[in-house]
Amino acid sequence: MGGILDFLFGSPAFLIFGAYTVVMVVGLGLLLHLQLGLAGIGNFGVVGFWGLGLYAFGVLTVRYDLTFFLALLGATAIAGAAGIVMGWVVSNLDVDGVLGATLSFAAIVFFLTDSERDLTGGRIGIGTIDFPFDVGNRTDLAWLAILVVIVGALMYYVWRVHRAPYGRLLIATGFNEPLAQSLRKPTFRTKMILFAWTSAAMGLIGALYASFVHFLFPTQVTVGITIAVIVALVLGGQQRTWGALVGALLTIALFDIVIQLYVPLPRTVFQQAFPVAKQMIFGLLLIVLLLYRPLGILGRMRRENYVRGVTHE
Amino acid sequence: MMDFLAKALIIGLTEQAPLILAAIGMALIYFLSKVINVAFAETITLGAYFGMWFNTTFGVNFYASMIAAAILAGLLSVATYLLVFRPARLRNVGMVEVIIISLGLSVFLRHALQFVFGYSARFYDVPPAERVSVLGVGVTTFQITAVALVIALALGLYFFIQRTNYGQQVRALASDESLAKVSGINPLVVTLMIWFIAGVAGGLAGAFWGVAANVQPDLGWNRFLLILLVVLVGGAWGIRGVIIAGLGTGVLLSGLKLEIPPLRAEILLLVVFIVILKLRGDRSSETAKV
């Protein structure tokens, strides 16, 4: 017990930062799982919705002096509004069109962080964004705990969705849209509503990150986040509830926590070669996995069917 | 007004000539193999690196190093097809998954090349570009070469695909693979040829972008989105459509940049593209209706 307490409360800030990144990627991965794994929407602009929430929260608190909860609500609403618009755009596009539109959206958000300097501070950044409460020098640990609760709730929700009529509707829409349409399922509306609320949730996760890092820079909203989320989800299993968690533990947790803390490599290696090699391995993982094990590590496991609860009826 | 249009046209054409070149290359792959190849960005980047490598290590001038860049980028493109995209095709990997695979390849190449060519930006060793004035716009000789090459390549490809026997095979393969096979066309040879030509176009685009500024790992990736959008929007009307869309993008972007801050111009351009993509709608459903 003492060991665990030591681990938690004596842990360096670095470890908490790594853990926070892992939990955040799990959260975003769960949302992408709903979009891509179930409903078949290839969203390549995850960082756009997350980054919009992040920056909206920063601008609302620093420039407009909103209280924490109002800013959180505002940031989520802004990301959700963008989700409604982009959901309407992508819900009847083919795969190529969705790729073009979502990548464009992410690029627009990135450009906005630099072009609207009066609001965002441009490359100088925007800050300081404080935690809404203060419990001494372990406030960041408390913040991590809050994120764990939120992502845990999201995971429970996804677990339920897999066993609910709504999940079957999403899977039908993703796997065979014309068939779902022929059964009079409103696939366009289904995809649009799903895209809207999951985008809002990505924005919420982004807004929470603002308090955690205190300062926002355009370099935080680059494609690295999207790739981390896609790699985690594909590695774990894009059609599985636990996929994002397993994938994030094997990628982000392994590289950013275990190797960085416990493998004795020279400092210069960690500064340049290590991050580059890490991305190389991520890229290679995507190729090898999708060629040889497209459903990820978890795959289908014991059950042959994607749809839970139908086979035994 | 005429003056503004002429300026936008010249800046757009000279600055975005490599964009048109790259878009033609990517569109060839898109038409024939029905693949959106995100790693085409790295074919461009590596074209720039290959040219820089020949230019600085062997001391050959820019135009000679361009040939090396073109051939090596073409071979790289063929290698990516054989090692990644062909296996994916043989395994019937889904469309979204192929895009994710190509994204993985893109990330892999973009970082692997840093262990070969170094982390920081590299430069071509060329005498400072001579500037000539075209209707009051300063244009470098490299840019004029790029424009000439775009015109030559576009005309050459048009002739090749519409008029020659090989071109007919390409068109046959693109529209109906099994029928093409029955007619005695070797799909692998035709496909490799197209991926090679695509790589050549991408590599040349990279070399021109590289000599105009510097050569760094993100060179192709930073320009990939516009290339993709040009291919998606113009692709419905063949190579001609891609050239027109590329030219339109260049002129619109340079015109906007003359009026509003550059970043806002880029944002506006992307919004325009999203609107066009929405209007274009789902083209895959056309075939599903059969």
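Residues numbered from 1 in each chain as written. Chains lettered and ligands numbered in written order. Predicted model: local features only at pLDDT ≥ 70, side-chain atom pairs only at ≥ 80, totals over all residues.

**Description of the overall build of chain A**
Cut-off, in case you're wondering: Only DSSP runs of H or I covering at least 4 residues are called helices, and only runs of E covering at least 2 are called strands; the numbering of each starts at the N terminus. Just to be clear, the radius of gyration here is over C-alpha atoms, and the globule rule we use is 2.2 Å times residues to the power 0.38. Neighbour density around each residue's C-beta defines its exposure: 20 or more other C-beta atoms within 10 Å make it buried, 12 or fewer make it exposed, and counts between make it partly exposed, where C-beta atoms are placed from the backbone. Working definition of a contact: two residues with C-beta atoms, positioned from the backbone, lying within 7 Å.
Helix and strand counts for chain A come out as 13 helices and zero strands. The secondary structure elements of chain A, listed N-terminal to C-terminal, are α-α-α-α-α-α-α-α-α-α-α-α-α. In terms of overall dimensions, chain A is globule-like: its C-alpha atoms have a radius of gyration of 20 Å, near the 20 Å expected for 313 residues. The principal-axis extent of the C-alpha atoms belonging to chain A is close to 55 × 45 × 35 Å. For chain A, with 313 residues in total, the buried portion stands at 51%. At a minimum sequence separation of 6, the contacts of chain A that also span at least 24 residues come to 77%.

**Some words on the interface of chain A and chain B**
To be explicit about the condition: Think of it as three bins: nonpolar holds Ala, Val, Leu, Ile, Met, Phe, Trp, Tyr, Cys and Pro, charged holds Asp, Glu, Lys and Arg, and polar takes everything else, Gly as well.
The interface is formed by 36 residues belonging to chain A together with 41 residues belonging to chain B. Contributions of two or more residues to the side of chain A that touches chain B are made by α5 (95-115), α11 (224-236) and α13 (267-292) of chain A. For the side of chain A that touches chain B, the leading source of residues is α5 of chain A, giving 14 residues. For the side of chain A that touches chain B, a count of residues per class yields 24 nonpolar, nine polar and three charged.

**Quick notes on unusual backbone geometry**
Residues and elements named next belong to chain A. Residue threonine 128 is bonded to the preceding glycine 127 through a cis peptide linkage, with omega at -10 degrees. Tracing the sequence through the fold places threonine 128 in the loop between α6 (117-120) and α7 (139-161). Positioned with a positive phi, histidine 214 is a non-glycine residue whose angle comes to about 70 degrees. Examined against the element boundaries, histidine 214 turns out to sit in the loop between α10 (187-213) and α11.

**Observations regarding the pairing of strand β1 (residues 131-134) of chain B**
One face of the sheet, then the other: side chains in a regular strand alternate in exactly this way. Residue and element names in this part refer to chain B. Stated formally: Two strands make a pair as long as DSSP finds a minimum of two bridges between them.
Alignment of β1 against strand β2 (residues 137-140), held across four bridges, turns out to be antiparallel. Counted as the bridge partner of valine 134 is valine 137 from β2. Hairpin connection from β1 to β2: two residues lie between these consecutive antiparallel strands, with leucine 135 at a positive phi of about 50 degrees.

**Considering the nonpolar core**
Applied cut-off: A set of buried Ala, Val, Leu, Ile, Met, Phe, Trp, Tyr and Cys residues, joined through C-beta atoms within 7 Å, is what we mean by a nonpolar core.
With 198 residues, the main nonpolar core has Leu286 of chain A together with Leu21, Ala23, Ile24 and Leu204 of chain B as its most contacted residues. When residues in this core are grouped by element, the largest group, 18 residues, is from helix α1 (residues 2-33) of chain B. Look past the residues within four positions of alanine 23 of chain B in its chain and what remains in contact with it is Ile227, Val230, Val231, Val242 and Gly246 of chain B.

**A look at α11 of chain A**
Since there are 3.6 residues in each turn of an α-helix, residues three or four apart along the chain are aligned in direction. Which entries qualify depends on this criterion: A helix is expected to span 1.5 Å for every residue after the first.
Along its 13 residues, α11 of chain A runs 18 Å from first to last C-alpha, staying within 8% of the 18 Å computed at 1.5 Å per residue. Of all 13 residues making up α11 of chain A, twelve are buried, and the element is well covered by its neighbours. Within α11 of chain A, the full set of buried residues consists of Ile225, Thr226, Ile227, Ala228, Val229, Ile230, Val231, Ala232, Leu233, Val234, Leu235 and Gly236 of chain A. On its buried face, α11 of chain A sits against α2 (13-38), α3 (46-62), α5, α12 (243-262) and α13 of chain A together with α4 (95-117) of chain B. Directly beyond the C-terminal end of α11 of chain A, a positive phi value near 135 degrees is found at glycine 237 of chain A.

**Quick word on the confidence of the model for chain B**
All names here are of chain B. Going by this rule: For every residue, the predictor assigns a confidence score, pLDDT, that lies between 0 and 100.
Considering every residue of chain B, the mean pLDDT works out to 88; 97% of them sit at 70 or more. Residue range residues 285-290 is modelled with pLDDT below 50. Its contacts to residues more than four positions away, or to other chains, number one contact. Predicted complex metrics record ipTM = 0.91 and pTM = 0.91.

**Points about the confidence of the model for chain A**
Mean pLDDT over chain A: 87, with 92% of residues reaching 70 or higher. Under a pLDDT of 50 for its full length, residues 309-313 of chain A has, in the predicted model, three contacts with residues more than four places off or in other chains.

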